[in-house]
Amino acid sequence: MEEADSKLKTYDGMYIENLKSTVALSTLTDICRLVTARQVDSCKELKTTCGSIGNYSEFLVPEEHLVQSEVIWDYMLLHHKLEKSDVILVLGNHDVRTAEYAANLWFQGFAEWLVLSGNVGSMTKGKWTRSEAEEFRDIVVQMGVPDNRIILEREATNTGENVKYSYEVMRQRGLNPKKIILIQMPYMERRTYATFMKQWPGDITTLQVSVSSPPIEFRHYPNSKVGTFRYLIAALLGMLERIRTYPRKGWQITQVIPNNVMSAFWNLVNTERYSDFLV
């Protein structure tokens, strides 16, 4: 038990130091909004600062909620093995790390084309002044991806439109991929796959589809740009609810949800703290 506690303290300490070194997080008050209850207790400096914030308990996430969220997070990851493909398609979102990850895959030779899809979605509305596709284009170009290897799709506002509109822009460029890699945030991997397999306008039986995301652990995912742990858990619950309900609407293929995942979902829903994205 002592050894386990020691490992947790080391883990928490490294995470807190990483947050302190982030340029956007210049104050301990900012850091307080991105850490867990256990991490606050492990750092005297944080404990004093965080405790002085008004309504701090409203966004502080208990350890048991994090454990249940990790069950759902793990379910969302598909662990597809990537192979050299024709296209890497980044579906719009509010995490620039997806664009950076896609660019790195392109540099590794996983595809000749990089398709960036997205106008303004629910998570970027009011945050970005340009389309998600254009924001991502700037990132990958700055990393060195040539403009003539990039295809933009600027109209999609949801996952289904990402799929259908990207098909159209590829078709207009004469691309008929046989293998495609889809890139999204980790907790949207499963939803992305389910939507793509249902809504791809072409012949899905002749297309090899893989889904991937930046390899970031759940407890290292929050930052000042993508949100707090409370926001992340709310988004997780929203994704799982859509996986449950969207097949009945004809928007996704049906997927089996294990009992332990549904149990974690209802436990978190019943706290009434994470309902932001429930439908």
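Note: the structure precedes this text.
Just so it is clear, the model here is predicted, and its values are computed rather than measured. (Residues numbered from 1 in each chain as written. Predicted model: local features only at pLDDT ≥ 70, side-chain atom pairs only at ≥ 80, totals over all residues. Heavy atoms only, no water.)

Enquirer: I tried to follow the layout of surface pockets on my own but got confused; where do I start?
Expert: A probe matching the size of a water molecule, rolled over the atoms, marks out where space remains unfilled. Reported here for the second largest pocket is a volume of approximately 150 Å³. Surrounding the second largest pocket, Trp73, Leu77, His79, His80, Pro186, Glu189, Val211, Ser212, Ser213, Pro214, Pro215 and Ile216 form its lining. When the residues that make up the lining of the second largest pocket are grouped by side-chain class, the tally is 7 nonpolar, 4 polar and 1 charged. (1 Å grid on protein atoms, 1.4 Å probe; cavity = no way out; pocket = protein on both sides within 12 Å on 5 of 7 lines; lining within 4 Å. Points joined across faces, edges and corners; volume = space filled by probe spheres on them. Nonpolar A, V, L, I, M, F, W, Y, C, P; charged D, E, K, R; others polar.)

Enquirer: What is the right way to look at empty space enclosed by the protein in this model?
Expert: Evaluated as defined, the whole model comprises 1 cavity of 30 Å³ or more. As a volume, the largest cavity reaches approximately 40 Å³. Lining the largest cavity are His94, Tyr187, Tyr221, Pro222, Val226, Gly227, Thr228, Tyr231 and Leu232.

Enquirer: Looking at this structure, I do not really get the pairing of strand β1 (residues 87-91). What am I missing?
Expert: Residues in a regular strand point their side chains to alternate faces of the sheet. The element β1 is largely enclosed, with a buried count of 5 among its 5 residues. Burial along β1 is two-sided: the face carrying Val87, Leu89 and Leu91 and the face carrying Ile88 and Val90 are both buried. Sheet analysis places β1 next to strand β2 (residues 113-117), joined by 5 bridges and oriented parallel. What sits directly across from Ile88, in β2, is Leu114. Note: β1 against strand β4 (residues 179-183), 4 bridges, orientation parallel. What sits directly across from Ile88, in β4, is Ile181. (Buried < 20%, exposed > 50% of the residue type's maximum accessible area, 1.4 Å probe, protein only. Helix = DSSP H or I, 4+ residues; strand = E, 2+ residues; numbered from the N terminus. Pairing = 2+ DSSP bridges.)

Enquirer: Is there a simple way to explain the environment of Tyr75 in this structure?
Expert: Examined against the element boundaries, Tyr75 turns out to sit in helix α5 (residues 63-76). For Tyr75 and Ile257, which are 182 residues apart along the polypeptide, the C-alpha to C-alpha distance reads 8.2 Å. Excluding its chain neighbours within four sequence positions, the residues that come into contact with Tyr75 are Arg190, Leu240, Ile243, Gln255, Val256, Ile257, Pro258 and Val261. Within the structure, the side chain of Tyr75 is placed 2.9 Å from the backbone oxygen of Val256, a separation counted as a polar contact. (Contact = heavy atoms within 4.5 Å. Polar contact = N/O pair within 3.5 Å; in protein donor to acceptor, adjacent residues only side chain to side chain.)

Enquirer: Explain unusual backbone geometry to me, please; I cannot follow it from the model alone.
Expert: Both trends apply: most residues other than glycine have a negative phi, and most peptide bonds are in trans. Phi angles above zero are rare outside glycine, and His79 is one such case at about 55 degrees. Take His79: it is sitting in the loop between α5 and β1. Phi is positive for Glu272, which is not a glycine, with a value near 60 degrees. By the secondary structure assignment, Glu272 is in the segment after α11 (259-269).

Enquirer: In this structure, what is going on with the packing of aromatic side chains? I would like to understand it.
Expert: Both the distance between ring centres and the angle between the ring planes are used here to describe each pair of aromatic rings. In the structure shown here, the tally under the stated rule is 11 aromatic pairs. Where Trp106 meets Phe107, the ring centres are 5.3 Å apart and the plane angle is 80 degrees; that geometry is what we call edge-to-face. Ring geometry for Tyr167 versus Trp200: centroids 4.9 Å apart, planes at 85 degrees, classification edge-to-face. In this pair, Tyr167 sits in helix α8 (residues 159-172) while Trp200 sits in the loop between α9 (189-199) and β5 (208-212), placing the two residues 33 residues apart along the sequence. Take Trp200: its relative accessible area is 10%, and that puts it in the buried class. When the ring centre of Tyr221 is taken as origin, the NZ or CZ atom of Arg97, which lies over that ring, is 4.4 Å away. Directly above the aromatic system of Tyr75 lies the positively charged group of Arg190, at a separation of 4.0 Å from the ring centroid. (Phe/Tyr/Trp six-rings, centres within 6.5 Å; stacked < 30°, edge-to-face > 60°. Lys NZ or Arg CZ within 6 Å of the ring centre and 35° of its normal.)

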